[in-house]
Amino acid sequence: MRRFLILCLLALSTCAAPEMSCTDPLGCVFVRANQPLLLGALLDVSGPAAALSNEVAQGMTLALAQRDNRLLEHPLRVQLFDARCERAAGEAAAREIARTEQIVAVLGTVCGESASGALLPLAEAGMLLLSPANSAPQLTNTAVFPPPYFRAIPHSLRQAELMARFATEMLQAETAVIFYNETPYSEGLRQTFASTFTQLGGSVPFQTRFSPGSSLDVMLQVVILNEPDVIYLPLYEIEATTLINTALSLPRLQEIAFLGTDSLLLPSFTAGLGAAPEGGLYVSGYAVSGQGYSQFLAAWQQAYATAPETPYAAFAYDATDLLLNAIAAAAQRDSSGTLLIGRAALRQALAETRDWPGLSGSLTCAPSGECASGSALAVFRLTDIDQPASAWPPLPYWPQGVDGG
Amino acid sequence: MELPQTAEIIIIGGGVMGASTLYHLAARGHTNVLLLEQEPFFGTGATGRCAGGVRYQFGTEINIRLSQASLPMLERFAEEIGQEVDYRKIGYLFVLTNEADVATFRRNVALQHRLGVATVWLSGDEVRDRLPLMRLEGALAGTFYGEDGLVDPNSVVMGYIQAAQRLGARAVTGVAVTGIGVANGRITHITTSHGQIATPIVINTAGPWAAQVGAMAGVSLPIVPLRRQMFTTTPLPQIPPDFPFVIDFGQSLYFHREGAGLLIGMSNPHEQPGFDQRVDEAWELVNLEAAVARLPLLEQAGLAARWAGLYEVTPDAHPILGPTAVSGFYVCGGFSGHGFMHGPIAGKLMSEIVLDGQARTLDVRSLELRRFAEGQLIHEYNVV
Ligand SMILES: Cc1cc2nc3c(=O)[nH]c(=O)nc-3n(C[C@H](O)[C@H](O)[C@H](O)COP(=O)(O)OP(=O)(O)OC[C@H]3O[C@@H](n4cnc5c(N)ncnc54)[C@H](O)[C@@H]3O)c2cc1C
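Residues numbered from 1 in each chain as written. Chains lettered and ligands numbered in written order. Predicted model: local features only at pLDDT ≥ 70, side-chain atom pairs only at ≥ 80, totals over all residues. Heavy atoms only, no water.

Engineer: Give a description of the pattern of salt bridges that names residues and reports values.
Structural biologist: Two side chains bearing opposite charge may form a pair once their charged atoms approach each other closely. A full pass over the atoms with the stated rule returns 33 salt bridges over all chains. The residue A:Asp321 makes a salt bridge to A:Arg67 at a minimum N-O spacing of 2.9 Å. Taken as a pair, A:Asp321 in helix 11 (residues 312-330) and A:Arg67 in the loop between helix 2 (50-66) and strand 3 (70-71) lie far apart in primary sequence, 254 residues in all. According to the relative accessible area criterion, A:Arg67 is partly exposed, its value standing at 23%. Residue B:Lys348 is joined to B:Glu352 by a salt bridge in which the shortest nitrogen-to-oxygen separation is 3.8 Å. In this pair, B:Lys348 and B:Glu352 are both assigned in helix 9 (residues 339-356), 4 residues apart and thus about one turn of the helix distant. (Salt bridge = Lys/Arg side-chain N within 4 Å of Asp/Glu carboxyl O. Helix = DSSP H or I, 4+ residues; strand = E, 2+ residues; numbered from the N terminus. Buried < 20%, exposed > 50% of the residue type's maximum accessible area, 1.4 Å probe, protein only.)

Here it is as structure tokens:
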């Protein structure tokens with residue numbers, strides 16, 4: 001008997017009595033009458049994304065509250081796991097989640113690193129991961145990471161497309177140069193900006209890795225020779241600050257427009273610049289607005305007596321709402337109130353989401369797992385470099401009327 | 001996150017105690033109250049890990065009276081607070097296997113009857129008749145009360161938090177209190193992971209962490225964290241829907257229906273105080289073996305989920321409610337394994353103690369902290 005129990009312990013529910021009619025290829029979760037419907041929250045509670053994880057958790061909490069913390073007459077319960085913004089910790093937490101068969105699906109992560117560790121163990125358990133915050137493009141590359149993975153946030157390359165459109169349509173730019181760094185983030189943005197800008201009729205005669213020090217002067221001389229209208233900078237704060245400050249010391253670059261990415265959408269970035277570029281400083285990033293978002297802000301204000309600090313709060317709300325909607329669609333319910341939720345059926349229900357009116361825009365899930373339309377992205381104009389932190393974030397500048405619906 | 005610089009009252013801890021206290025203060029019109037929870041979600045401490053059991057069967061008058069005040073609040077919860085909490089009256093059945101327990105429970109039942117709790121006394125055979133699936137040859141007697149049952153803990157916490165927020169009170173997650181300022185014997189402020197907040201009143205509802213929070217104010221609280229764990233099984237179709245919350249008292253072993261399976265737990269009498277919340281696998285095996293010995297059909301079940309949490313235990317297994325030697329510093333904790341069910345009334349009583357100077361709904365002076373210094377401990381026998 002003891003041996004039997006130990007086996008059961010190791011294999012967890014493999015010793016279960018055969019269930020009624022679960023025909024789902026990925027297995028099923030049964031939620032009996034009165035039993036809570038359990039969701040996993042795989043957040044990066046400790047580590048560099050702790051504050052963001054908390055904001056994401058608050059967004060999730062509001063989405064649950066909106067449904068009175070219930071779904072299909074079952075109480076909703078969230079079990080929290082810490083992925084610590086690390087690949088190994090994400091994997092370990094996901095293995096722990098996978099052992100809890102009652103978890104219907106998992107919301108998270110915040111950091112791309114932890115998601116990359118979590119995806120395989122979750123996929124092996126047939127559990128889907130829906131992220132409100134992972135922007136790393138490769139996470140939906142099924143050749144690298146196993147599905148089912150979804151996200152309710154536009155991946156970071158969408159901002160490069162948007163910026164290329166902004167440069168051509170709004171700034172009438174014809175020539176761009178690019179400074180990038182060796183990170184996959186920067187590399188991806190560089191490629192996407194360059195190809196979109198070229199497709200739109202522009203040219204990119206010079207692209208180079210940013211290297212601080214003396215070679216920067218040489219590079220900037222090359223930039224001057226190419227007479228660009230804009231310089232695209234998928235860089236981090238310190239690099240971009242150095243580059244812009246050096247460029248502005250050269251008379252022929254003072255009227256050029258600098259285009260940055262969301263890594264620069266920080267109050268400390270403008271504060272570190274010696275002067276505002278005359279040709280304009282524009283940064284792409286996430287932005288949510290619209291009537292639904294205004295109502296959300298009011299609910300947030302009522303709950304937490306403050307405003308959310310980032311748009312991730314809205315993405316978290318949308319991800320949770322999207323998931324609950326998919327669970328409601330996939331669940332079968334018998335007369336006793338028991339729910340049967342097939343894991344493949346849930347994945348399919350989520351993948352079939354069309355035109356879901358999220359706070360961050362209309363959400364339609366592509367087979368790849370990308371659910372965000374990209375309408376929650378905008379270009380911000382950073383004009384006042386002495387802007388107080390209380391005036392942060394700035395209002396979106398382009399496209400006009402960024403709308404979440 | 002931007003926190004206010006001042007608050008009329010600060011509550012530390014967002015489990016059932018903090019949530020209920022916040023709501024009851026807000027319901028009295030005090031909305032400049034701030035609840036701070038260090039985790040990203042409310043109710044992930046002891047409350048989120050508890051079995052959800054609610055009962056009237058206790059062995060001291062104060063605990064029975066707390067239940068008589070608290071459980072009806074849970075029954076009216078949806079109506080009053082606007083949140084369903086899934087109260088299921090399945091009854092608690094205590095199984096007694098030794099003469100000493102039988103004698104004590106006879107006294108307990110007499111006390112319960114005197115206070116209006118109609119607990120049924122069962123002979124050993126009646127226990128076996130009611131639980132035919134269990135092997136209870138050694139059962140000498142038992143007690144059963146049908147109004148005892150189960151309630152969903154998370155719904156209670158979120159119901160209170162959200163109702164308080166609607167009234168204008170504030171509850172935030174992700175903020176750890178790291179210090180409490182005291183000057184001239186009075187509370188002046190708290191320090192948090194997000195800055196300092198001036199306040200004259202702090203209520204410590206930090207559950208198993210209450211002693212740590214007490215120490216921040218220089219108040220020594222005899223509240224000790226003790227790990228307790230349980231697991232749930234895969235479906236057991238043989239278990240009838242009306243299977244009660246069964247407690248094999250001699251072994252501190254309990255079973256209740258959870259979904260189509262069972263939730264099973266057992267207290268380790270040798271557990272040492274500490275904050276470890278990982279499942280103790282060696283003890284889990286002991287628990288499994290004891291459970292299978294009582295309920296052989298468990299051999300057909302698998303393990304569905306398992307977790308551990310912390311009891312917040314005081315020397316007399318009764319809570320500490322009320323003021324401390326530091327003016328403006330209050331404690332609501334140490335419920336010793338049955339705090340979830342007393343959370344609703346505890347929060348109401350705390351609001352009265354803080355706002356009116358003393359509890360009005362129920363006389364709980366016997367639960368004040370000073371009882372330990374004065375040697376006035378309360379003796380309870382029904383602790384599982
Ligand atoms: C396994 C188990 C089973 C149980 N079963 C039952 C049962 O069936 N019935 C029953 O009535 N009771 C049961 N209990 C007991 C019950 O769970 C507790 O008595 C009750 O939940 C205590 O509530 P609380 O609000 O005081 O503590 P908690 O729910 O632990 O809340 C305290 C909160 O304070 C927070 N905190 C701590 N320090 C700080 C800080 N410095 N800053 C900010 N926040 C802080 C913590 O994160 C935590 O969320 C059980 C307990 C366990 C562990």
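Having put the structure on the table, let's press on.
Engineer: Describe in detail the domain arrangement of chain B, supporting the description with residues and values.
Structural biologist: Residue and element names in this part refer to chain B. Per the domain assignment, the segments of chain B are domain 1 (9-51 + 153-223 + 316-374) and domain 2 (88-148 + 226-311). Taking the mean C-alpha position of each, domain 1 and domain 2 sit 30 Å from one another. Contacts between the two partners involve 10 residues from domain 1, matched on the other side by 12 residues from domain 2. Summed over both partners, the interface of domain 1 with domain 2 comes to about 860 Å²; 61% of that surface belongs to carbon and sulfur atoms. Looking only at domain 1, the three residues that lose the most surface to domain 2 are Arg49, Ala51 and Pro208, adding up to 59% of its buried area. (Domains from an automatic or database assignment. Contact = heavy atoms within 4.5 Å. Buried area = accessible area lost by both parts, 1.4 Å probe.)

Engineer: Quick rundown of the sheet that holds strand 14 (residues 245-248) of chain B? Include the residues and the values.
Structural biologist: Residue and element names in this part refer to chain B. Here we have 8 strands laid out as an open sheet, ordered 5-6-4-14-15-16-13-17, and mixed in their pairing. Each edge of the open sheet is held by one strand with a lone partner, namely strand 5 (120-123) and strand 17 (303-313). When the angles between neighbouring strand axes are averaged without regard to direction, this sheet yields 20°. In this structure, strand 13 (residues 224-233) lies alongside strand 17, joined through 10 bridges in antiparallel fashion. Directly across from Leu226, in strand 17, lies its bridge partner Tyr311. (Pairing = 2+ DSSP bridges. Axes fitted to C-alpha atoms, helices over the stretch in contact; angles between N-to-C directions.)

Engineer: Any details on the interface of chain B and chain A? Residues and values, ideally.
Structural biologist: Put simply, an interface is often sized by how much accessible area is lost when its parts join up. Taken together, the contacts link 42 residues of chain B with 43 residues of chain A. With both sides pooled, the region where chain B packs onto chain A buries about 3700 Å², and carbon together with sulfur makes up 57% of that total. At the junction of chain B with chain A, the criterion picks out 2 salt bridges. Its salt-bridge partner being A:Arg70, residue B:Asp86 comes within 2.8 Å of it at the nearest N-O pair. Connecting chain B to chain A are 11 residue pairs in polar contact (both at pLDDT 80 or more). Listing elements by their share of the side of chain B that touches chain A, those giving two or more residues are helix 6 (153-167), strand 8 (170-172), helix 8 (281-294) and strand 17 of chain B. Here the side of chain B that touches chain A gets 7 residues from one element, more than from any other, and that element is helix 6 of chain B. A class-by-class count of the residues in the side of chain B that touches chain A yields 18 nonpolar, 11 polar and 13 charged. (Polar contact = N/O pair within 3.5 Å; in protein donor to acceptor, adjacent residues only side chain to side chain. Nonpolar A, V, L, I, M, F, W, Y, C, P; charged D, E, K, R; others polar.)

Engineer: Outline the state of the cysteines, supporting the account with residue identities and numerical values.
Structural biologist: Taken as a whole and assessed by the stated rule, the structure comprises 3 disulfides over all chains. Between the sulfur atoms of A:Cys22 and its disulfide partner A:Cys28 the distance amounts to 2.0 Å. For the disulfide bridge between A:Cys22 and A:Cys28, the dihedral angle about the S-S bond is near 85°, and by the sign convention the bridge is right-handed. For A:Cys22, a relative accessible area of 29% translates into the label partly exposed. Accessibility expressed as a relative area gives 17% for A:Cys28, which makes it buried. Assigning the bonded cysteines of chain A consecutive numbers by sequence position, one obtains the connectivity 1-2, 3-4, 5-6. As a non-bridged cysteine, B:Cys332 has B:Cys50 as the owner of its nearest cysteine sulfur, 15 Å distant. (Disulfide = S-S within 2.5 Å.)

Engineer: Explain the site of the ligand to me, and be specific about the residues and the numbers.
Structural biologist: Residue and element names in this part refer to chain B. Taken together, 39 residues form the shell around the ligand, and within it Glu37, Ala46, Thr47, Gly53 and Met341 come nearest. In this structure, Gly337 approaches the ligand through a main-chain N or O atom, which is 3.2 Å from a nitrogen atom. Separating an oxygen atom of the ligand from a backbone N or O atom of His338 is a distance of 3.3 Å. Considering the ligand on its own, with 1000 Å² of exposed area, one finds that the protein chains cover 98% of that surface. Going through the elements one at a time, helix 1 (16-27), strand 13, strand 17 and helix 9 are the ones with two or more residues in the shell around the ligand. Per element, the largest residue contribution to the shell around the ligand is 4 residues, and it comes from strand 17. (Near = heavy atom within 4 Å. Areas by Shrake-Rupley, 256 points an atom, 1.4 Å probe, with all protein chains shown as cover.)

Engineer: Quick one: what's the story with the nonpolar core, residue by residue and with numbers?
Structural biologist: Among the nonpolar cores identified, the biggest contains 114 residues, and A:Leu37, A:Phe193, B:Leu36 and B:Ile180 are the most heavily contacted of them. With 13 residues, helix 11 of chain A is the single largest residue contributor to this core. Beyond its immediate sequence surroundings of up to four residues, A:Leu37 is in contact with A:Val31, A:Leu71, A:His74, A:Pro75, A:Leu76, A:Arg77, A:Val104, A:Ile327, A:Leu339 and A:Ile341. Residues B:Ile64, B:Leu150, B:Ala171 and B:Leu362 belong to the second largest nonpolar core, which totals 73 residues. (Core = buried A, V, L, I, M, F, W, Y, C linked by side-chain atoms within 4.5 Å.)

Engineer: Run through the side chain of B:Asp248, naming residues and quoting values.
Structural biologist: All names here are of chain B. In this structure, Asp248 sits in strand 14. Residue classification places Asp248 among the buried residues on the basis of a relative accessible area of 2%. Excluding anything up to four places from it in sequence, Asp248 contacts Val95, Thr97, Leu253 and Arg294.

Engineer: A description of the packing of aromatic side chains should follow, citing residues and the corresponding values.
Structural biologist: Residue and element names in this part refer to chain B. The final tally for this structure, using the stated rule, is 24 aromatic pairs over all chains. Chaining the aromatic ring pairs together yields one cluster made of Tyr92, Phe94, Phe105, Phe245, Phe249 and Tyr254. The ring of Phe58 carries the charged tip of Arg55 above its face, separated from the ring centre by 4.1 Å. One residue, Arg228, lies across the ring of Tyr311, its end atom 5.2 Å from the ring centre. (Phe/Tyr/Trp six-rings, centres within 6.5 Å; stacked < 30°, edge-to-face > 60°. Lys NZ or Arg CZ within 6 Å of the ring centre and 35° of its normal.)

Engineer: Give a description of the confidence of the model for chain A that names residues and reports values.
Structural biologist: Detailed conclusions should not be drawn from predicted coordinates in areas where pLDDT is low. The predicted model of chain A averages 89 in pLDDT, with 91% of residues at 70 or higher. pLDDT under 50 marks residues 1-19 of chain A. Its contacts with residues more than four places away, or in other chains, come to 41 contacts. (pLDDT = per-residue confidence, 0-100.)

Engineer: Describe the sheet that holds strand 9 (residues 177-183) of chain B, listing the residues and the values that go with them.
Structural biologist: Residues and elements named next belong to chain B. Pairing within the open sheet is antiparallel, and its 3 strands lie in the order 9-10-11. Each edge of the sheet is formed by a strand with only one pairing partner; in this case those strands are strand 9 and strand 11 (195-198). For this sheet the average axis-to-axis angle between neighbouring strands, irrespective of direction, equals 25°. Across 6 bridges, the pairing between strand 9 and strand 10 (residues 186-192) is antiparallel. Residue pairing in the sheet places Ile180 in a bridge with Ile190 of strand 10.

Engineer: I'd love a proper account of the domain arrangement of chain A, names of residues and values included.
Structural biologist: Residues and elements named next belong to chain A. Split by domain assignment, chain A resolves into domain 1 (25-154 + 290-373) and domain 2 (157-287 + 378-398). Using C-alpha coordinates to define each centre, domain 1 is positioned 34 Å away from domain 2. Contacts between domain 1 and domain 2 engage 9 residues on the former and 4 residues on the latter. Both sides of the domain 1 and domain 2 interface together cover about 600 Å² of buried area, and 62% of this is carbon and sulfur. Connecting domain 1 to domain 2 are 0 salt bridges. For the pair domain 1 and domain 2, the interface holds 2 residue pairs in polar contact (both at pLDDT 80 or more). In terms of residue class, the side of domain 1 that touches domain 2 is made up of 7 nonpolar, 2 polar and no charged.

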